[in-house]
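Survey of secondary and tertiary structure
Chain by chain, the residues:
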Amino acid sequence: MSISENQMVVVVTGATRGIGLAAVHRFTRDGWKVISCSRGKPPPAFIKNPLWIEHFEADLSVREEVADFTKKAVALVGKTGLNALVNNAAESPKAEYHERLGCLNGDLDAWREVFELNFFTPLLLSRGFASALHKQLGAIVNVTSIAAHAIHPFAGSAYSTSKSALSSLTREMANEFAELGIRVNAVAPGEVRTQMIGPEYDALIPRIPLNRMGTAEEVAAVIYQLCNNEFSYVTGSEIFVTGGQHLF
Ligand SMILES: NC(=O)c1ccc[n+]([C@@H]2O[C@H](COP(=O)([O-])OP(=O)(O)OC[C@H]3O[C@@H](n4cnc5c(N)ncnc54)[C@H](OP(=O)(O)O)[C@@H]3O)[C@@H](O)[C@H]2O)c1
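Below, the structure is looked at part by part.

1. Focus: the overall build of the protein chain
For the protein chain, the helix and strand inventory stands at seven helices and seven strands. Listed by position from the N terminus, the elements making up the protein chain come as β-α-β-α-β-α-β-α-α-β-α-β-α-β. Computed over its C-alpha atoms, the radius of gyration of the protein chain comes to 17 Å, within 12% of the 18 Å expected for a compact globule of 248 residues. If you line up the protein chain on its principal axes, its C-alpha atoms span 50 × 40 × 40 Å. Looking at the protein chain as a whole, 44% of its 248 residues qualify as buried. Within the protein chain, contacts between residues separated by at least 24 positions form 70% of all contacts whose residues are at least 6 apart in sequence.

Take a look at the structure:
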């Protein structure tokens, strides 16, 4: 599928389900074209969407696959460039007996794997797409987490610190990418009902001022607005989408 010069194009990672898939729907609702990436295939309904340009199957925790995906996607957008990159794909693994991957347990290699996907891949992709984003004076949104900012009872320490690092990276990138005219922001979701969270998370609802979990669509709406040109003076911000849970 070709891309015309006045067409808005976004790259979304982790788009086969959850927040990433909701983001795809939000962007296409306003006529954006989408390039996506994850290990699996998107649902059939997504493939039928005429604004879907391409879905790449790649394991973004493997550097060679990140490089290959970037090369192919950059070639696809060509001279037109890219309007937005959403660094959404991440993992929150449990340790051997399904307990949180903490500081005193778990293989250190498992920590490295978490950091590879949750931190280094957003950095690599942002670098790789910098030139394409510069052509359109585009935007990057990093999906962090409430767990980046406070102890979370279920999210592991590896996951939480990888998201803290991504939160800090958002600040550094916002400063450095500004020279290229690229805005960089983050969205920090709280408890959002997707495959990433288990039934034990229901116990957290009384701690949420809005007294319910969020939906993937509510997070996607904020991601979309941060990429939208109406938010052209917003960079280096991290928006909590938590129903107020981060206040405690
Ligand atoms: N749900 C929440 O409550 C919550 C809270 C705070 C932050 N977040 C953040 O929000 C983002 C989306 O989370 P979600 O809840 O929507 O998760 P999810 O439902 O588990 O979806 C994760 C997406 O990432 C893809 N993915 C996972 N590992 C990958 C890999 N190695 N390479 C490429 N793609 C990979 C998955 O597709 P494949 O399996 O096909 O690869 C899937 O499309 C994440 O950054 C997460 O940390 C979520």
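After that view of the structure, there is still more to cover.
2. Details of the environment of A150
Mapped onto the elements, A150 comes out in the loop between β5 (139–143) and α6 (157–177). Judged by local crowding, A150 falls into the exposed class, with 10 C-beta atoms found within 10 Å. For the pair formed by A150 and V234, sequence separation is 84 residues and the distance between their alpha carbons is 24 Å.

3. Some points on the pairing of strand β7 (residues 238–241)
Where strand β6 (residues 183–189) meets β7, four bridges bridge the pair, whose relative direction is parallel. Looking at the pairing, A188 lines up with F240 of β7.

4. Digging into the site of the ligand
Residues in close proximity to the ligand total 28 residues, the closest being G14, G18, R39, G40 and A90. No other element matches the three residues that helix α1 (residues 18–29) contributes to the shell around the ligand. The residue inventory of the shell around the ligand, partitioned by class, reads twelve nonpolar, eleven polar and five charged.

Calculation rules
Residues numbered from 1 in each chain as written. Predicted model: local features only at pLDDT ≥ 70, side-chain atom pairs only at ≥ 80, totals over all residues. Helix = DSSP H or I, 4+ residues; strand = E, 2+ residues; numbered from the N terminus. Rg over C-alpha atoms; globule rule 2.2 N^0.38 Å. Buried ≥ 20, exposed ≤ 12 C-beta atoms within 10 Å, placed from the backbone. Contact = placed C-beta atoms within 7 Å. Pairing = 2+ DSSP bridges. Near = placed C-beta within 6 Å. Nonpolar A, V, L, I, M, F, W, Y, C, P; charged D, E, K, R; others polar.

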